[in-house]
Amino acid sequence: MDIFSSHGASLLVLLVQVLFAWALWSLRRAFVRAEDYALHVQRDARREAATARRLGSLEEHLRLTPDTADMAGLHSELAALRGEIQALNARISGLDRLLERLEHSFDRHEDHQRHAVQPSASFGCRAASDQTGGCN
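This structure is a prediction, so every number in the text was calculated from the model and none was measured.

Student: Looking at this structure, I do not really get a nonpolar patch on the surface. What am I missing?
Tutor: A cluster of nonpolar residues, Leu12, Leu15, Val16, Leu19, Trp22 and Trp25, forms a patch on the protein surface that exposes about 670 Å² of accessible area. Checked against the element boundaries, Trp22 lands in helix H1 (residues 7–30). Residue classification places Trp22 among the exposed positions, given a relative accessible area of 55%.

Right, here's the structure in full:
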């Protein structure tokens, strides 16, 4: 009697084939197909390129920002400007006081001119006087 001719042997071969098919099906899930891997590599390359662009723009932006020496120079220039502005404010205050004094003096002269006797009244003109102070 041959071992491969019996009914049990064919069942055993079928069982081995099922186990082999199940093992191949399980291995299919464990390994990646070439197309899926190529798609994954393309996505990674796009992500890496986008990250490199963003990093490049950040580096460029950081290169253009002022460093500590520039900021210290700006701080000293601002302090000098603050001093100059304070000096100008003091000078403007003095000029403002002088202008007030001149306005006060000018107002006094205007008041004196308004209350002074008109030349036409001193000459006895019947009509009003002209701009030169003479009679019309």
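From this point, the discussion proceeds with the structure in view.
Student: What's the story with the confidence of the model for the protein in this structure? I'm lost.
Tutor: The predicted structure's coordinates, where accompanied by low pLDDT, should not be read in detail. Taken over all residues, the pLDDT of the protein has a mean of 84, while the share at 70 or more is 82%. By mean pLDDT, helix H4 (residues 119–123) is the weakest element of the protein at 55, and helix H2 (residues 34–64) is the strongest at 94.

Student: Can you help me understand the pattern of salt bridges in this one?
Tutor: A side chain with one charge can pair with a side chain of the opposite charge if their charged atoms come near. For the coordinates displayed, the defined rule picks out six salt bridges. Notably, a salt bridge pairs Arg47 with Asp44, separated by 3.0 Å at the nearest N-O pair. A residue pair is termed a helical-turn pair when its members lie 3 or 4 positions apart in one helix, as Arg47 and Asp44 do in helix H2 at three residues. Linking Arg63 and Glu60 is a salt bridge whose minimum nitrogen-to-oxygen distance equals 2.5 Å. Note that Arg63 and Glu60 are positioned in helix H2 at a spacing of three residues, about one turn of the helix. A relative accessible area of 58% means that Arg63 is categorised as exposed.

Parameters and conventions
- Residues numbered from 1 in each chain as written.
- Predicted model: local features only at pLDDT ≥ 70, side-chain atom pairs only at ≥ 80, totals over all residues.
- Heavy atoms only, no water.
- Patch = residues over 30% accessible without salt bridge, like charges linked within 9 Å, V, L, I, M, F, W, Y side chains within 5 Å.
- Areas by Shrake-Rupley, 256 points an atom, 1.4 Å probe, with all protein chains shown as cover.
- Salt bridge = Lys/Arg side-chain N within 4 Å of Asp/Glu carboxyl O.
- Helix = DSSP H or I, 4+ residues; strand = E, 2+ residues; numbered from the N terminus.
- Buried < 20%, exposed > 50% of the residue type's maximum accessible area, 1.4 Å probe, protein only.
- pLDDT = per-residue confidence, 0-100.

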